[in-house]
Amino acid sequence: MKRYELIVIGAGPAGLSAAIEAASNGMDVIVFDENSKPGGQLLKQIHKFFGSKAHKAKERGFKIGEELLKEARELGVEVVLNAVVIGIFQNKEVNVMLDGQIKHIKANNIIIATGASENVVPFPGWTMPGVIGAGAAQTMMNIHGLKPGNKILMVGSGNVGLVVAYQLIQAGCMVKAIIDAAPRIGGYGVHATKVARMGVPFYLSHTIKVAYGSEAVEGATIVQVDRNWKAIEGSEKKLDVDTICIAVGLSPMSQLASMAGCDMENNPQKGGTVPICNQYNETSISGIYAAGDVSAIEEASSAMIEGRISGTAVSYNQKYIGKSEFVNRFKEYSESLSQLRQGMFSHENKGRIDLTKTEEGYDISQNLLQNGYLSEKEVIKYPGVVSEKVRKRGIVPIIECTQNIPCDPCQTACSMGCIKIGNTITNLPVVDENSNCIGCGMCVASCSGQAIFLVDENYAPGFAAISMPYELYPLPQKGDKGVALDRAGKVLGEAQVIEVKTIKAMDGTNVLTIKVPLEWSMKARFFKY
Amino acid sequence: MQMMELINKGGDRVIKSDVIIVGGGVISCAIAYNLAKRNIKVIVIEKDHIGAGASSRNGGGVRQSARDPRELPLAIYAIKNLWPYLSKELGVEIEYHKKGNFRLGKTPEHLKILENVVNQGLDAGLELRLLEKDELRKLCPYISNEVVNASYCPTDGHANPMKTTLAFYKNALKLGTKFITGETVKSIILAKGKVSGVKTETNVYEAPEVVLAAGYESKAIANTVGIDIAMRKELIEAIITEAQPQMFSEMIGTAESDFYGHQTEHGSFVFGGSTGLEPFLSDEVKTINKSITAPYICRAVLKYFPIMSSMNIIRTWSGFMDIMADKVPVLSKVKEVPGLTLACGFSGHGFGISPAVGQLISELIINGKPSISLDAFRYDRLKPKG
Amino acid sequence: MSKTIERVLLDEEFISETDDSVIICRCEEITKGEIRKAVYDGMRNMNEVKRYLRVGMGLCQGQTCTKLVKSIIAKELGINPGEIEVPIPRSPTRPVSMQTYANDGINK
């Protein structure tokens, strides 16, 4: 039987990163992926990633996927597509279904990087056409160019629900509401604010009661729930929707690890049944590793590092690198991973309802958590929002980033040094009171959370200019008249486009500048025409 | 009221009953049901969950043909008197179908085997005949051209072993049988030379009658009172297809014994088979699958039913047979250990006779007079060659 | 390993709930009520419920419904869903045609 030194199962962020790491140390690596295109979930991630430069922050997911593939191929990694690993048997035997055959192959090491699948929530009507997973909607839109529907109800306010809701709007759909049974929004505040200012209402402590329609979804009824998840009678609301997207979490697809005989555990924090692994991502079977979502549900950025860690561990145990090199690499990677695992949304803090202050001591906006947007009174308290006095001096960046999340591209985006975060990338960004902003707009375009605006209260007598990130087509043109919306998506009134900046370096995020009455300088945050 | 009581390990409980049955498979549940019907207090102790062993890992065959002649009376009795009425009696659809059994042959050697099967069956009063190619193709249009003969027993059939086991369990539970799962019986306790109960890792259960119906695990328990059971373990594997439109109602087997199976009520096909390497691979503890078996079974099936080539397999499973040295079970009181009864070693064909075994063992325990003689299944029947 | 339990039959009648008709196992079209009734009838773990009803035996082999079935069983039994053992996954991870399976080149 043919034997490989390393078989990687799954060509997503974890699998490709593992392959790259091992191949860079001289190993022969083969990667099997059941899809016709590699990249896993990265392929359909059209938004910019968070983290730091090392974590590929500011880059759009699909680009990261393309880069990983290129790097892997350049290192001689064999990536086999349309290859389904149907089982792992005793003695690390892998069976692959490829080209109408089953291939029996063995490996000295196996890295399982098979990712996760979407959870579902059943309700009357959930088997009708029109009820789909949020991930499935993303695949339809971003891979196949199909609109999943027209009027969408998003169930789930975690990062997936929030990000996909935004992408649905980009695809031309109308998101009628985002609901969550929990009393607070589960994902990053900035993902919520993006859609809130476009007019998407949030209904927290609401669940879906029924989807109705004769042959497909024609509408849905949502209902409020109390603290014990019991429906409150009389609180039903009918929504006119034709599509219901379910974004209620992911479960690791760990079947192969179980089949291989790894010790498994049921770990709700990690998303479900996962193989028990040590810090090198090695399972209970020596030589079998698990990296990425399959070992615990996290982000693609963590998956990539876990891939690296298992890749370097395999390289070490196969004697392609020595002990000191291994120790150094592992240290570097685990520190990078720790950086990502800090902040308000870290594992320790997950689900905590008692957090009221950021690490610096600022109030965490409850309005943001419950409605998806900051109130005007709240926003001015944060270090990214300069004082009225400073605003009166002229154009300044206004950074409405109010939660500790690991992210720092804004720091390097400003060539004038206006923005500081420091080495702890979960720190809230601080805008220097002595800021000498030149209004280039690079910070606006660099913020993956689209939380940075330029506000020029000296634009013209009685008027302010607001620059905002804009990623919708068709792009407005200079001179276009429309309306300005506030953070809650409420129409403030008439506004006019005075500039649209589209630069390659901004990577698809246009900077749109509108002219609004001065009183709206700290209110207007979106434009519709 | 709680649906289950957690039994604390180290609880030092002593529970008394009329009968203790070790093992929670179809045999135990059938025996328990029959005893409970007569108001006898039974405790069933199972180390895993109900039906975790061979009861949920067999081909579902309910057949008489090609059985060892010693088993035939039990099989005939079960099919005539018990199987057709079980769904109604137990209130659970156990999917019993009496639509016949084909044993297929391609070569002259196969024909000899089939002739033997037919003659043995006829001798025992069974309806059996040998089919030539044309008649076979009329009854079974899906077979390949290479199949030239088959033995056909119209009164054989199949049922759903998982549901049958759980149906017996459900009814025994309703009739007052105590079922304890997650506890392992370690030894039999004697008092003054007679059975007085069993000991688990943590508790003692007292009863004057103990039945060992724990498949291969019965051996170690019987050893604790100086009784050996001449059986070994062997892995079997099976493949399951997606649901298909109804094609076959018969049970299928081959003279070559390379595969067997049937189409379930659900529509999926269940096929079992052996590569021949299994006896050498059986010191497994867990029911794992070997990578060579599913491909092998597919090749075997396709040689007889090439029409199935595009059917999708969605699952494989494996289990252990407890194979007696002479391939029929031990169904017997153990004279030298009064109170001990053995009901194990079904050698891969226990399911079809399970309702009969349930009745007969319960009769054996109640008054020592089973409706069909169990003499051929005595625990001490095995003798050396010369 | 499984906890040691004694199975107890409920004295009271089976109580229907308003959402008993919601399908939980989409592949085999098994409803919530059927799962609840199976537990009421004596099934005390996921393997028993699975073999009794066919939940998780369809095309997706439980990928979609396992978490849901676990929580329904757990609720009926009054225990934490984490305490319910799930059925073990088996090869093949995706459907494989008989022809493809037969074609494994092992005898070459």
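Just so it is clear, the structure is predicted and the values come from calculations on it, not from any experiment.

(A) Spotlight on the domain arrangement of chain B. Residue and element names in this part refer to chain B. Looking at chain B, the domain boundaries give domain 1 (15-56 + 162-230 + 326-377) and domain 2 (101-154 + 232-324). Between the C-alpha centres of domain 1 and domain 2 the distance comes to 30 Å. Facing 15 residues of domain 1, the contacting portion of domain 2 comprises 8 residues.

(B) Seen up close, the interface of chain C and chain A. Facing 25 residues of chain C, the contacting portion of chain A comprises 27 residues. Where the side of chain C that touches chain A is concerned, the elements lending two or more residues are strand S2 (23-25), helix H3 (66-77) and helix H4 (98-102) of chain C.

(C) Summary view of the sheet that holds strand S14 (residues 237-239) of chain A. All names here are of chain A. Reading across from one edge, S12-S13-S14 is the order of the 3 strands in this open sheet, with antiparallel pairing throughout. Strands at the two margins of the open sheet, each flanked by one partner only, are strand S12 (206-212) and S14. Going across the sheet, the axis of each strand differs from the next one's by a mean of 30 degrees, ignoring polarity. As paired strands, S12 and strand S13 (residues 219-224) are joined by 6 bridges and run antiparallel to one another. Bridged to isoleucine 208 within S13 is isoleucine 222.

(D) How the structure looks around the confidence of the model for chain B. Of all residues in chain B, 97% have pLDDT values of 70 or greater, and the mean over the chain is 94. Interface scoring of the predicted complex returns ipTM 0.96; its pTM is 0.95.

(E) Layout of the pairing of strand S4 (residues 42-46) of chain B. Residue and element names in this part refer to chain B. In terms of residue burial, S4 counts as a mostly covered element, since 5 of its 5 residues are buried. Burial of the side chains of S4 extends over both faces: Val42, Val44 and Glu46 are buried on one face and Ile43 and Ile45 on the other. Across 4 bridges, strand S3 (residues 19-22) lies against S4 in parallel orientation. Bridge pairing links isoleucine 21 to valine 44 in S4. When S4 meets strand S10 (residues 178-181), the two strands line up parallel, connected through 4 bridges. Following the sheet pairing, glutamate 46 is matched in S10 by threonine 181.

(F) Main features of the sheet that holds strand S23 (residues 452-460) of chain A. All names here are of chain A. One open sheet accounts for 7 strands, arranged S20-S23-S24-S27-S26-S25-S28; its pairing is antiparallel. At either end of the open sheet lies a strand with only one pairing partner, and these are strand S20 (396-399) and strand S28 (526-528). In this sheet, neighbouring strand axes are inclined to one another by 40 degrees on average, regardless of whether the strands run parallel or antiparallel. Pairing of S20 with S23, which is carried by 4 bridges, proceeds in the antiparallel orientation.

(G) Helix H1 (residues 13-24) of chain A, seen in detail. Residue and element names in this part refer to chain A. Between its first and last C-alpha, H1 extends 16 Å over 12 residues, near the 16 Å set by a 1.5 Å rise per residue. Across the 12 residues that make up H1, a large majority, 12, are buried. Within the span of H1, buried status applies to Pro13, Ala14, Gly15, Leu16, Ser17, Ala18, Ala19, Ile20, Glu21, Ala22, Ala23 and Ser24. The secondary structure elements touched by the buried residues of H1 are strand S1 (2-9), strand S2 (29-32), helix H2 (61-74), strand S6 (101-112) and helix H7 (300-317). At the exit of H1 stands glycine 26, carrying a positive phi of roughly 100 degrees.

(H) Broad picture of the packing of helix H1 (residues 32-41) of chain C against helix H2 (residues 46-53) of chain C. Residue and element names in this part refer to chain C. Running from amino to carboxyl end, H1 crosses H2 at an angle of 120 degrees, the nearest separation of the two axes being 10 Å. Viewed along their axes, H1 and H2 form a crossing whose handedness is right-handed. Residues Glu34, Ile35, Ala38 and Val39 of H1 form the contact with H2, whose participating residues are Val49, Tyr52 and Leu53. For the contact of H1 with H2, the per-class residue count stands at 6 nonpolar, no polar and 1 charged.

(I) Quick look at the pairing of strand S17 (residues 264-267) of chain A. All names here are of chain A. Examined bridge by bridge, S17 and strand S18 (residues 272-275) share 4 bridges and lie antiparallel to one another. Residue asparagine 267 lies in a different strand from S18, and its bridge partner there is glycine 272. Hairpin connection from S17 to S18: 4 residues lie between these consecutive antiparallel strands, with glycine 271 at a positive phi of about 110 degrees.

(J) Geometry of the environment of leucine 512 of chain A. All names here are of chain A. By the secondary structure assignment, leucine 512 is in strand S27 (residues 510-517). Given 26 C-beta atoms within a 10 Å radius, leucine 512 is considered buried. Along the backbone, leucine 512 and cysteine 401 are 111 residues apart, and their C-alpha atoms lie at a distance of 19 Å.

(K) Spatial organisation of the domain arrangement of chain A. Residues and elements named next belong to chain A. Domain boundaries in chain A define domain 1 (2-117 + 250-340), domain 2 (120-246) and domain 3 (373-528). Residue-level contacts link 4 residues of domain 1 with 6 residues of domain 2. Looking at the side of domain 1 that touches domain 2 residue by residue, the classes come out as 2 nonpolar, 1 polar and 1 charged.

(L) Up close: helix H5 (residues 189-196) of chain A. Residue and element names in this part refer to chain A. Buried residues dominate H5, accounting for 8 of its 8 residues. Among all positions in H5, only Gly189, Val190, His191, Ala192, Thr193, Lys194, Val195 and Ala196 are buried. Where H5 is buried, its residues contact helix H4 (159-170), strand S10 (174-180), strand S11 (202-204) and helix H9 (366-371).

Thresholds applied
Residues numbered from 1 in each chain as written. Chains lettered and ligands numbered in written order. Predicted model: local features only at pLDDT ≥ 70, side-chain atom pairs only at ≥ 80, totals over all residues. Domains from an automatic or database assignment. Contact = placed C-beta atoms within 7 Å. Helix = DSSP H or I, 4+ residues; strand = E, 2+ residues; numbered from the N terminus. Pairing = 2+ DSSP bridges. Axes fitted to C-alpha atoms, helices over the stretch in contact; angles between N-to-C directions. pLDDT = per-residue confidence, 0-100. Buried ≥ 20, exposed ≤ 12 C-beta atoms within 10 Å, placed from the backbone. Expected span 1.5 Å × (residues − 1). Left-handed = near helix turned anticlockwise from the far one by under 90°. Nonpolar A, V, L, I, M, F, W, Y, C, P; charged D, E, K, R; others polar.

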